[in-house]
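A structural walkthrough
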Amino acid sequence: MKSASHSSGSAAGPKWPSAPVPAAGDDTEISLGIGELIVIVPDGVDLVIDARAGLGNVIVFGQESAGVGPDIDYTTPEAGDAVLRLDVDVAIGQVEVRR
């Protein structure tokens, strides 16, 4: 499993370097203590996503959940065997997964 974490700030801004795109079949964990975490995935990649926040907002491809403990699970419809599994978490703030 590949993982990345950051304590605060914006994980989409210049404080957080870009990471290489993991290969399909990989499990990837991304976490942030406080702030905004944006994950951009390429088109055509089959995904299994668990996105959550301790307190805040979670947005996955336009579907939104907010409040205490919001969590969205997403699986690409008719996903093949080679899927990218993302475990995305922020303690306080916002998680967004988009293409």
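The preceding data block contains the structure.
This write-up is about the structure you can find in this document. Every value quoted in this text rests on a predicted model; they were computed, and no experiment measured them.

Let us look at the pairing of strand 3 (residues 47-60). Look at any regular strand and the pattern is simple: side chains alternate between the two faces of the sheet. When strand 3 meets strand 6 (residues 84-98), the two strands line up parallel, connected through 13 bridges. Bridging across to strand 6, Ile 49 finds its partner in Leu 86. The pairing of strand 3 with strand 5 (residues 71-75) spans 5 bridges and is antiparallel. Directly across from Asp 50, in strand 5, lies its bridge partner Asp 73. In this structure, strand 3 lies alongside strand 4 (residues 63-68), joined through 6 bridges in antiparallel fashion. When the sheet's bridge partners are listed, Leu 55 is paired in strand 4 with Val 68.

Oppositely charged side chains are able to pair whenever their charged atoms sit close together. All told, the structure shown has 5 salt bridges when counted by the stated rule. The salt bridge involving Asp 50 is made with Arg 52; its shortest N-O contact spans 3.1 Å. Overall, the relative accessible area of 24% leaves Asp 50 in the partly exposed class. Between Arg 98 and Glu 96 there is a salt bridge, with its nearest N and O atoms 3.5 Å apart. Note on Arg 98: relative accessible area 33%, which makes it partly exposed. Overall, Glu 96 belongs to the buried group, its relative accessible area being 16%. Here the salt bridges do not stand alone but share partners, grouping Asp 50, Arg 52, Asp 87 and Asp 89 into one network.

This part is about the environment of Glu 64. For Glu 64, the position within the fold is in strand 4. Here the alpha-carbon distance between Glu 64 and Val 95, two residues 31 residues apart in the chain, equals 9.8 Å. For Glu 64, the residues in contact, after removing those within four places along its chain, are Asn 57, Val 58, Ile 59 and Ile 72.

So, how was this worked out
- Residues numbered from 1 in each chain as written.
- Predicted model: local features only at pLDDT ≥ 70, side-chain atom pairs only at ≥ 80, totals over all residues.
- Heavy atoms only, no water.
- Pairing = 2+ DSSP bridges.
- Helix = DSSP H or I, 4+ residues; strand = E, 2+ residues; numbered from the N terminus.
- Salt bridge = Lys/Arg side-chain N within 4 Å of Asp/Glu carboxyl O.
- Buried < 20%, exposed > 50% of the residue type's maximum accessible area, 1.4 Å probe, protein only.
- Contact = heavy atoms within 4.5 Å.

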